[in-house]
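Structure assessment
Each chain is listed here by its residues.
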Amino acid sequence: MTDSGPTLFWHRRDLRTVDNRGLDAASEHGQVIPVAVVDPAVKAYAGSARSGFYYASLASLQQTYRALGTDLEIRQGDPRTVLPELAAETDAERLVWNRDYSKLAKTRDEAVRGRLPEAVSALEISDMTLHEPGSILTSAGDHYSVFSYYYKKWIDRAAPAPAPQPSPDVFVNRQAPDIGEIQASPADNLPLPAGRQAARDRMTAFLDGPIYDYADTRDRPAAAGTSRLSQDLAFGLLGIRELRSAVDEADTAAPTETAMDSVEEYRRQLAWRDFYIQVLDAHPETVSENFKDFEHPIEWRADPEAFRAWTQGKTGYPIVDAGMRQLQAESFMHNRLRMIVASFLTKDLQLDWREGYAWFREQLLDHETANDVGGWQWAASTGTDAQPYFRIFNPMTQGKRHDPDAEYIKTYIPELQGVAPEAIHSWPDLDQDRREELAPDYPDPIVDHAERREETIEMFERARGG
Ligand SMILES: Cc1cc2nc3c(=O)[nH]c(=O)nc-3n(C[C@H](O)[C@H](O)[C@H](O)COP(=O)(O)OP(=O)(O)OC[C@H]3O[C@@H](n4cnc5c(N)ncnc54)[C@H](O)[C@@H]3O)c2cc1C
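Identification of the protein as Deoxyribodipyrimidine photo-lyase from Halodesulfurarchaeum formicicum is taken from an unreviewed UniProt entry. In UniProt, the protein has this text filed under Sequence similarities (unreviewed entry): "Belongs to the DNA photolyase family."

Below you can see the structure in the form of structure tokens.
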């Protein structure tokens, strides 16, 4: 501890003190003041569930710091002005943060760096991924655009160990205004409990048993067999090294070969997260542009009514509507459903994936730019390693395969409560009188899947110049 002025550590999507590499690095330079900035530019994209979860998680981080004998300084405003001011106010020598990879974050961070007083240095640390974007490259030195090749290298790499929580005596002993003075934390209304402890509890509950059945249950939405940790990773309530190390321990304790395969399948999903982050890092423009080049623009439709029906879960395709209603009710949607509804929006309704992405960005608690864009561009056949444009999900077949008893569908669509699964899975093919008789309050299909499928293939062939 040789420096005289304190180091500011800026929390962003890393709302924890454990396994936080930036915070650990900051603590090597002397006394630390932790800070968070509530940025209206980021808030503008978040619906009420995500904002609420963020505030409640910030409140919990503030409590953690208070227990360590310091406090979290929470400011509101544009970090480009707030942070240089705070650095001057506290005579800070250094500002440290963990790297983020979206275009918005990169532009903001560069501007913050440029506006700091001359005496204040900026230090950016890699924390968000298990393996830093750019550290796993093809033999030509490029980022990977095919997941299976990326994964082979990813899984062979030793996973870095979690970073320790800094000792309490590195923190400046001080008090800061309570988060309640900025924003009342709506902890009662949240779809899931927020904060670090809740995230740890979710992780432990999953690794204590459900992970061993993951390979079998992950594609059955009614089984709810996935970890539900996506918002915890998106907000950084859990460190990725911390999670990976706990997963590796679960692997060691796995009771059977099948259980070990399930753990492997789970690890693979964590690799998808790293994969999409390295794609976004290499191609930040893909947040709004197709990853793939097309000879001509794709002729997406303009159809606000169809888009509204999709958002409200009223398309007359039960599996699609159940997914969209789960999103409405829980600010979450199971992965299989995300694939189905994204395919339906782009291939059946022929609407631009960017419309769907914007809706998800607002509605999802776990919105994470890289994964959200990656998922949408995959489904739209515009992305890296995407679904081929001619392989179009049939929503009826998807429903039958992944929710055979229509258990998931009935959870979210009360209108179909008394209807037999066979009728639910063939709803669009039933004649109208039959539908009227079975569930008068549930809508008729808004499009014909077979017709739209043919049209969509032609639409893509035209865009490809065929
Ligand atoms: C159109 C679309 C949009 C998506 N938007 C997001 C998003 O905004 N945020 C987000 O975290 N995930 C997104 N995903 C990926 C995936 O659906 C969610 O990560 C998953 O459903 C979260 O539930 P879970 O934590 O129970 O997943 P689990 O199955 O338990 O997976 C564990 C973790 O692995 C990661 N992961 C799992 N699947 C994927 C995947 N396909 N791509 C990248 N990472 C993955 C997530 O961090 C997840 O928490 C999207 C997928 C699609 C098809």
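Having seen the model, we can carry on.
**Description of the pattern of salt bridges**
Tallied over the entire structure, the rule returns 38 salt bridges. Here glutamate 299 makes a salt bridge to arginine 462, at a shortest N to O gap of 2.8 Å. Here glutamate 299, found in the loop between helix H11 (257-282) and helix H12 (304-312), pairs with arginine 462, found in helix H21 (residues 449-463); they are 163 residues apart in sequence, far enough to count as distant. On the basis of relative accessibility, which here comes to 44%, the residue glutamate 299 falls in the partly exposed class. Salt-bridge contacts for glutamate 455 lead to arginine 301; the nearest nitrogen and oxygen are separated by 3.1 Å. Of the two residues, glutamate 455 sits in helix H21 while arginine 301 sits in the loop between H11 and H12, which places them 154 residues apart along the sequence. Using a relative accessible area of 31% as the deciding quantity, one classes glutamate 455 as partly exposed. Overlapping salt bridges, with partners in common, bring together Arg99, Lys106, Glu124, Glu132 and Asp281 in one network.

**What to know about the UniProt feature "site: Electron transfer via tryptophanyl radical" (unreviewed entry) in the protein**
Under the UniProt annotation, the feature "site: Electron transfer via tryptophanyl radical" (unreviewed entry) is placed at Trp300, Trp353 and Trp376. Among the annotated residues just listed, those lining the largest pocket are Trp376. Mapped onto the elements of the fold, tryptophan 300 is located in the loop between H11 and H12. A residue is classified by how much of its surface remains accessible, and tryptophan 300, at 15% relative accessible area, is buried. The contacts of tryptophan 300, once residues within four sequence positions are left out, are Thr346, Gln350, Leu351, Asp352, Trp353, Arg354, Ala380, Thr382, Met459 and Phe460. Among the residues examined, tryptophan 353 registers a relative accessible area of 0% and is labelled buried. The contact partners of tryptophan 353, leaving out residues within four places of it in the chain, are Thr286, Val287, Ser288, Glu289, Asn290, Trp300, Thr346, Trp376, Gln377, Ala380 and Thr382.

**What about helix H3 (residues 48-67)?**
The α-helix winds at 3.6 residues per turn, so residues separated by three or four positions along the chain end up facing the same way. Here H3 spans 29 Å end to end across 20 residues, near enough to the 28 Å set by a 1.5 Å rise per residue. Summarising burial for H3: 14 of the 20 residues are buried, a large majority.

**Quick word on the packing of aromatic side chains**
All told, the structure shown has 31 aromatic pairs when counted by the stated rule. Both rings, one in tryptophan 10 and one in tryptophan 97, keep their centres 5.5 Å apart while their planes meet at 80 degrees; by these two values the pair is edge-to-face. With tryptophan 10 in strand S1 (residues 7-11) and tryptophan 97 in strand S4 (residues 94-98), this residue pair connects regions lying 87 residues apart in the sequence. Tryptophan 97 shares its class with tryptophan 10; the two are buried. On the basis of an interplanar angle of 20 degrees and a centroid distance of 5.8 Å, the ring pair of tyrosine 389 and phenylalanine 460 is categorised as stacked. With a gap of 71 residues between them, tyrosine 389 in the loop between helix H16 (369-379) and helix H17 (395-402) and phenylalanine 460 in helix H21 connect regions that are remote in the sequence. With respect to class, tyrosine 389 is no different from phenylalanine 460; both count as buried. An aromatic cluster of at least three residues, connected via ring pairs, comprises Tyr144, Phe147, Tyr150, Tyr151, Trp154, Trp272, Phe275 and Tyr276.

About the thresholds
- Residues numbered from 1 in each chain as written.
- Predicted model: local features only at pLDDT ≥ 70, side-chain atom pairs only at ≥ 80, totals over all residues.
- Heavy atoms only, no water.
- UniProt positions renumbered as here; feature names shortened; annotations may be inferred.
- Salt bridge = Lys/Arg side-chain N within 4 Å of Asp/Glu carboxyl O.
- Helix = DSSP H or I, 4+ residues; strand = E, 2+ residues; numbered from the N terminus.
- Buried < 20%, exposed > 50% of the residue type's maximum accessible area, 1.4 Å probe, protein only.
- 1 Å grid on protein atoms, 1.4 Å probe; cavity = no way out; pocket = protein on both sides within 12 Å on 5 of 7 lines; lining within 4 Å.
- Contact = heavy atoms within 4.5 Å.
- Expected span 1.5 Å × (residues − 1).
- Phe/Tyr/Trp six-rings, centres within 6.5 Å; stacked < 30°, edge-to-face > 60°.

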